[in-house]
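Structural characterization, general
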Amino acid sequence: MSTSEPSNAILLFRDDLRLSDHPALTAAAQSGQCLTCAFILDPNAPYPPGGARRWWLHHALNALTAQLADLGGKLVLRTGATADVLADLRKETGATHIYWSRRYTPDEIASDTALKADLTAAGCTVQSHPGRYLLEPWRVTTKSGTPFKVFSPFWRASRDEIRAVGLGDPLPVPKNITFADEVATASLEDFDLLPTAPNWAKGFEALWHPGEEGAMARLDAFLEEGAQGYAKGRDFPAEPHTSRLSPYLQSGNISPRQIWAALDRAEHLGQMSGRDAEKFRAELGWRDFAAYLLFHNRDFEDTEFQPKFRSFPWRHDTDALIAWQRGQSGYPIVDAGMRELWQTGYMHNRVRMVVASFLVKHLRIDWRAGRDWFWDTLLDGDLASNAASWQWVAGCGADAAPYFRVFNPMTQAEKFDPDGGYIRQYVPEIAALPDRYLAAPWKAPEDVRAKAGVEIGRTYPAPMVDHATARRAALEAFESLPSPGDDLV
DNA sequence: GCGAAGTTGCA
DNA sequence: GCAACTTCG
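Just so it is clear, the structure is predicted and the values come from calculations on it, not from any experiment.

Cut-offs applied
- Residues numbered from 1 in each chain as written.
- Chains lettered and ligands numbered in written order.
- Predicted model: local features only at pLDDT ≥ 70, side-chain atom pairs only at ≥ 80, totals over all residues.
- Heavy atoms only, no water.
- Near = heavy atom within 4 Å.
- Polar contact = N/O pair within 3.5 Å; in protein donor to acceptor, adjacent residues only side chain to side chain.
- Nonpolar A, V, L, I, M, F, W, Y, C, P; charged D, E, K, R; others polar.
- Helix = DSSP H or I, 4+ residues; strand = E, 2+ residues; numbered from the N terminus.
- Buried < 20%, exposed > 50% of the residue type's maximum accessible area, 1.4 Å probe, protein only.
- Pairing = 2+ DSSP bridges.
- Axes fitted to C-alpha atoms, helices over the stretch in contact; angles between N-to-C directions.
- Contact = heavy atoms within 4.5 Å.

The next thing to look at is the protein's contact with DNA strand C. Around DNA strand C, ten residues are found, and the nearest of them are Lys 143, Phe 148, Lys 149, Val 150 and Phe 404. Take the atoms of DNA strand C that sit within 4 Å of the protein: sugar and phosphate atoms are 67% of them. The contact in question runs from a phosphate oxygen of DNA strand C to an N or O atom on the backbone of Lys 143, over 3.2 Å. Here a phosphate oxygen of DNA strand C sits 3.1 Å away from a polar atom, N or O, in the main chain of Val 150. In terms of residue class, the surface near DNA strand C is built from seven nonpolar, one polar and two charged.

Before going further, it helps to spend a moment on the side chain of Gln 250. Topologically, Gln 250 is positioned in helix α9 (residues 246-251). On the basis of relative accessibility, which here comes to 5%, the residue Gln 250 falls in the buried class.

Time to look at unusual backbone geometry. The bulk of non-glycine residues show a negative phi, and the bulk of peptide bonds are trans. With an omega of -5 degrees, the peptide bond running from Ala 197 to Pro 198 counts as cis. Inspection of the secondary structure puts Pro 198 in the loop between α6 (188-191) and α7 (212-225). At Asp 192, a position not held by glycine, the phi torsion is positive, near 55 degrees. Of note, Asp 192 is situated in the loop between α6 and α7. On the basis of relative accessibility, which here comes to 54%, the residue Asp 192 falls in the exposed class. You will see that Arg 364, though not glycine, has its phi angle at about 50 degrees, which is positive. Examined against the element boundaries, Arg 364 turns out to sit in the loop between α14 (349-362) and α15 (367-377). Judged by its relative accessible area of 17%, Arg 364 is buried.

As a further point, take the protein's contact with DNA strand B. As a structural note, the neighbourhood of DNA strand B is formed by 19 residues, with Ser 152, Trp 286, Trp 392, Asp 399 and Arg 405 the closest of them. Backbone atoms, meaning sugar plus phosphate, form 61% of the atoms of DNA strand B positioned within 4 Å of the protein. Within the side chain of Arg 350, a nitrogen or oxygen atom sits 3.3 Å from a phosphate oxygen of DNA strand B. Gln 412 places a polar side-chain atom, nitrogen or oxygen, 3.5 Å from a phosphate oxygen of DNA strand B. The set of elements that each furnish at least two residues to the surface near DNA strand B consists of α11 (274-296), α14 and α20 (467-479). Each residue belonging to the surface near DNA strand B can be placed in one class, and the counts come to six nonpolar, five polar and eight charged.

Okay, the sheet that holds strand β5 (residues 125-129) next. Taken in spatial order, the five strands make up an open sheet running β3-β2-β1-β4-β5, and their pairing is parallel. Both edges of this open sheet fall to β3 (75-79) and β5, since each of them pairs with a single strand only. Between one strand and the next, the sheet's axes are offset by a mean angle of 30 degrees, whatever the strand orientation. Two strands pair when backbone bridges link them, and strand β2 (residues 34-41) and β3 are joined in this way by five bridges, in the parallel orientation. The residue bridging Ile 40 from the neighbouring strand is Arg 78, located in β3. In the packing of helix α2 (residues 51-70) onto the sheet, contacts are made with β1 (8-13), β2 and β3, and the angle to β3 comes to roughly 145 degrees.

Purely geometric numbers; function is a separate question.
Structure (structure tokens):
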């Protein structure tokens, strides 16, 4: 390029709300073009975020606006159809180039592909960059060239690839970004992303600090407080061995590569054992794997990966679904989890499995109902991870827990919340019970319950189903599924 | 085509 | 032990 006048470009932010380790932003900055940074709230965008994520988005956009202001720039907010808004912005700024971070879900790929084709036809150059995952989903395959269906070999191959090629160093915040002349922007309030009447997100504010700075603080805090002993401690919801980085990853307030680099540092400094660090890396691997599965199986989000499950006799029971959603199942570990979700926008990983197993197996309610509730209430709600995890629990996924594996909500509570710290926090109405009765309060002797002020069916619900009965019913329903040979007979 | 392996459990 | 089945090398 040898023009005397620099051209103009647009950096379109989406699920990549950060300035560091942002390949698209770095490329845009290095091009020397005058940059307009924009975020479009498109009411018709695929997979609109749920309520919790809208709250996050509001605060993350606020943080990004402040970061850009520090650099002398601005974040332009617009509402409307992405194609129309981009056309407007191109007219207003004279931009000839658009940079964005690649997206990987089926409808987003379709949407971005179409958009790119139209823009290109209109004479605009579109550059899409990676950054959301450790590896692009086409990087590893089986020896025969097909996509992996099982995590372990997928991760072995990915791990080898990372060892051999490396991820590259995380990029710094680009220096010397030249910002284009300002154009009009909506106000963040116009986006109307925050809940009102009631403001159910009140409990979020003390816990979460959306934005890149908040992500770095969370990462540092985890490395200080929770990283050592992660591999074992991660299973105990009352302990601080969870990173809570997932909402930051989801919004792109931090990249997996930045976390990977921090793990390497922590391991070198002895802040984290090799085992702990490797375990955490594998969790990033699960995140990649979910995206990989969805990328290679377009209907994975909505359809059972194992065809025989597509005829499973799910129960339709709205009352039961509501009791589950509200944390009124009568099983304290399940209720604690569902209330943690509602109050904080997050749920501990171990407890996610327990509550999901309860919905799908004890209640035999369609996993898609659970998926939808999680989508709406989780700050880290992610299309691929959500579907992959629900399918895993339901037993219908690629590499799923066998269906006959039914989590026992009492045993799980005793094992992973032995002191009842987690249950007491979220189910305070039974907090005065001795530890040994917290997993199944209805089993406590009458006088013990009376002393703790617990009256089953009044101060705390009776278990909505009997565990042993529900377990048998679930196994029976499973038996009714066709086995592979059946259709040959 | 063979053998080993397959996140997280339960009774 | 559980039920068998698929994946992957």
